Amino acid sequence: MKFGGTSVADGKKLRHVAELVKSYHENGNQIVVVTSALGGVTDAILEEAHEASKEGKVSRVKEFIADLTKQHHAATHESVGDNASTEDIIAELDARIEEIEKALTGICYLGELTFRSIDYLSSYGERMAAPILSGLIRSLGIESSHFTGGEIGIITDNNFGSAHPLESSYEKIKKHLSPLLPGTIPVVAGFIGEDENGIITTLGRGGSDFTASIIGASLNADEIWLWKEVPGIMTTDPKLVPEARPLKVISYIEAMEMSFFGAKVLHPKAIEPAIRHDIPVRVKNTFEPEYPGTLVVKEQKTVQNVVKAVTVIDKVALVNISGAGMVGTIGVAARVFSALADADVNIIMISQGSSEANLSVVVNDDHLKQAVKALKQEFRNGVVGEIDHDVHISVVAIVGVGMAGTPGVAGKVFDALGINKVNVIMISQGSSQHNISFVVKEGDATKAVQVLHKVFSLEKL
Ligand code: ADP
Ligand code: ASP
Ligand code: MG
């Protein structure tokens, strides 16, 4: 069971979470708990780290540390109360907070923030949440210990900011956790692992989902439960469309496509480990535990809707490579892709018209600079006339495995967009036909989502 940041935002919510876990434990379940940082803490630490590297103000760090201490102490007192467990938790929190202060102060003086330091610092949100939740569970009379990802065996590559677990992790995790399970509820700090040298890495924003799934797969769990503030995986982001509906059952493929195409409800890699042993993943609302939520399974038996969800990816950029010299010239596309790969740029979407005078790729905002630089370097001697880019765009996608082989879906999508005056800049459909994605101006994205949600009657699901 993984609990997201909003579920453990403060003392009262932490208490609710611990009682929820206790009730499932008392019903005879063996449970591993994965916790996120207290709501907002990861963002706050990251902001502070960037400020420290730019402004170098030690006084600002001191203020931040005071706030962080207050927040975590308050959460502890409010949830655990004042008993034997409280003192131990506070001592542990203070030790962690002292480490953060030292690191941030160091960054103030160095004026440098590496990817490795960012991972080190952002790991602290979860590393402070885990001792609180574990102590709290103990105070309810159940054995519990807390661990970091590295301590239970999540060993990753050293791709800081988006590290991937090594295959050997699965066996290690099983060895560490299985012996504890009969009597104890282990509480694991989500989002983090360690590389082979013991350096802390993170699994990417929202990575606690991934941690839970890795652990579930290692233990061959009956189910992996992700507890959030929403009633499940929904037809679209309820913040964009209030009529969005929770989906009762979806397939692994659909959940993966949705997260690849921007649905922030799931970490994009969270389903991958579950697939290994065909483990059902349940997304549930912490604040409405009786509600069944969404069940993600290998294959859905009966499919009612061809299109199940609409998603948006923000913070992306379109790069256009154009020039009359590209027509009929062999190898331009290959050079574009190798140049981008060599520059570590992840390509989200590709399109080339049959005129061949133009090739467009969509990349993450934060890869744009390196993408343009790499392409200019690659084509410095002609062939390509122009390399331009646009950062004010979004990718919108519709997802549903039922689209494969169903004619007319694309027609319906682009008709509706046309009628509603949403201009489509670029289109792509994978050959799997599980999604159709397209690029619009940033300012048109919400309208596009609302239009499509309505056209496919998703509010009636
Ligand atoms: P947690 O971090 O608590 O696990 P998240 O905050 O990552 O949960 O995910 C829930 C958020 O995802 C919601 O605030 C919601 O606005 C957003 N979201 C975006 N798309 C969807 C979707 N299709 N279904 C549900 N929530 C979505
Ligand atoms: N705390 C991390 C984040 O905010 C990981 C998570 O919540 O899953 O991204
Ligand atoms: Mg999240």
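Since we're looking at a predicted model, the values are computed, not measured.

A. A look at the site of ligand 1. Taken together, 17 residues lie around ligand 1, and Lys 2, Lys 228, Met 234, Asp 237 and Lys 239 are the ones closest in. Asp 237 is positioned with one of its side-chain polar atoms (N or O) 2.7 Å from an oxygen atom of ligand 1. Burial of ligand 1 by the protein amounts to 87% of the accessible area it has alone, namely 570 Å². Of the residues assigned to the shell around ligand 1, the class counts are seven nonpolar, four polar and six charged.

B. Representation of helix α1 (residues 11-26) in the model. Compared with an ideal rise of 1.5 Å per residue, which puts 16 residues at 22 Å, α1 spans 22 Å between its outermost C-alpha atoms and is within 8% of the ideal. Looking at α1, one finds that the buried residues are Gly 11, Leu 14, Val 17, Ala 18, Leu 20, Val 21 and Tyr 24. By the N-cap criterion, in which a side-chain oxygen at the helix start approaches the backbone nitrogen of a residue two or three places on, α1 is capped by Asp 10, the distance to Lys 12 being 3.2 Å. One or two steps after α1, the chain reaches Gly 28, where phi turns positive at roughly 95 degrees.

C. Representation of the environment of Glu 51 in the model. By the secondary structure assignment, Glu 51 is in helix α2 (residues 41-55). Of the residues examined, Glu 51 reaches a relative accessible area of 19% and is grouped as buried. In this structure the C-alpha to C-alpha distance between Glu 51 and Met 403, which are 352 residues apart in sequence, comes to 47 Å. Residues in contact with Glu 51, not counting those within four places in the same chain, are Gly 56 and Arg 60.

D. Here's a closer look at the sheet that holds strand β10 (residues 294-297). The eight strands are arranged β3-β4-β2-β1-β7-β9-β10-β8 in an open sheet whose pairing can be described as mixed. Across the chains shown, the open sheet's two edge strands, defined by having one partner strand only, are β3 (143-147) and β8 (249-251). Summarising the sheet, β3 and strand β4 (residues 184-189) pair through five bridges and their orientation is parallel. Each residue of the ladder has a partner; that of Ser 144, found in β4, is Ile 185.

E. Quick look at the pattern of salt bridges. Under the definition given, this model contains 17 salt bridges. A salt bridge links Arg 15 to Glu 19; the shortest N-O distance between them is 3.3 Å. Here Arg 15 and its partner Glu 19 are both found in helix α1, four residues apart, which amounts to about one turn of the helix. Here Glu 19 falls in the partly exposed class, since its relative accessible area comes to 38%. Across the pair Arg 205 and Asp 43 runs a salt bridge, and its minimum N-O distance is 3.1 Å. Of this pair, Arg 205 sits in the loop between β6 (200-202) and α9 (208-218) while Asp 43 sits in helix α2, and the two are 162 residues apart along the sequence. Overlapping salt bridges bring together Glu 47, Glu 48, Glu 51 and Arg 60 as one network.

F. Representation of helix α10 (residues 252-260) within the structure. Within α10, seven of the nine residues are buried, leaving the element largely enclosed by the surrounding structure. Those residues of α10 lying buried are Tyr 252, Glu 254, Ala 255, Met 256, Glu 257, Met 258 and Ser 259. At the C-terminal side of α10, Gly 262 shows a positive phi close to 105 degrees.

G. Region of interest: a negative patch on the surface. There is a patch of like negative charges on the surface, built from Asp 314, Asp 365, Asp 366 and Glu 442. Secondary-structure assignment places Asp 314 in strand β11 (residues 309-322). Owing to a relative accessible area of 40%, Asp 314 belongs among the partly exposed residues under this scheme.

H. Structural context of the site of ligand 2. Every residue lining ligand 2 is accounted for by Ser 36, Thr 42, Glu 126, Phe 191, Arg 205, Gly 206, Gly 207 and Ser 208. In this structure, Glu 126 approaches ligand 2 through a side-chain N or O atom, which is 2.6 Å from a nitrogen atom. One nitrogen or oxygen atom from the main chain of Gly 206 is found 2.8 Å from an oxygen atom belonging to ligand 2. Protein contacts shield 86% of the accessible area of ligand 2, which totals 260 Å² for the unbound molecule. Class assignment for the residues of the shell around ligand 2 results in one nonpolar, five polar and two charged.

I. Fine view of the environment of Ile 173. Inspection of the secondary structure assignment puts Ile 173 in helix α8 (residues 169-177). Ile 173 sits 43 residues away from Gly 216 along the chain, and the two C-alpha atoms are 9.7 Å apart. Setting aside residues no more than four positions away along its own chain, Ile 173 makes contact with Ile 152, Gly 153, Ile 154, Ser 178, Ile 214, Ile 215 and Ser 218.

J. Structural detail: the domain arrangement of the chain. What the domain assignment reports for the chain is domain 1 (34-208) and domain 2 (309-460). Measuring from the centre of the C-alpha atoms in domain 1 to the corresponding centre in domain 2 gives 37 Å.

What counts and what doesn't
Residues numbered from 1 in each chain as written. Chains lettered and ligands numbered in written order. Predicted model: local features only at pLDDT ≥ 70, side-chain atom pairs only at ≥ 80, totals over all residues. Heavy atoms only, no water. Near = heavy atom within 4 Å. Polar contact = N/O pair within 3.5 Å; in protein donor to acceptor, adjacent residues only side chain to side chain. Areas by Shrake-Rupley, 256 points an atom, 1.4 Å probe, with all protein chains shown as cover. Nonpolar A, V, L, I, M, F, W, Y, C, P; charged D, E, K, R; others polar. Helix = DSSP H or I, 4+ residues; strand = E, 2+ residues; numbered from the N terminus. Expected span 1.5 Å × (residues − 1). Buried < 20%, exposed > 50% of the residue type's maximum accessible area, 1.4 Å probe, protein only. Contact = heavy atoms within 4.5 Å. Pairing = 2+ DSSP bridges. Salt bridge = Lys/Arg side-chain N within 4 Å of Asp/Glu carboxyl O. Patch = residues over 30% accessible without salt bridge, like charges linked within 9 Å, V, L, I, M, F, W, Y side chains within 5 Å. Lys, Arg positive; Asp, Glu negative; His and termini not counted. Charge placed at Lys NZ, Arg CZ, Asp CG, Glu CD. Domains from an automatic or database assignment.

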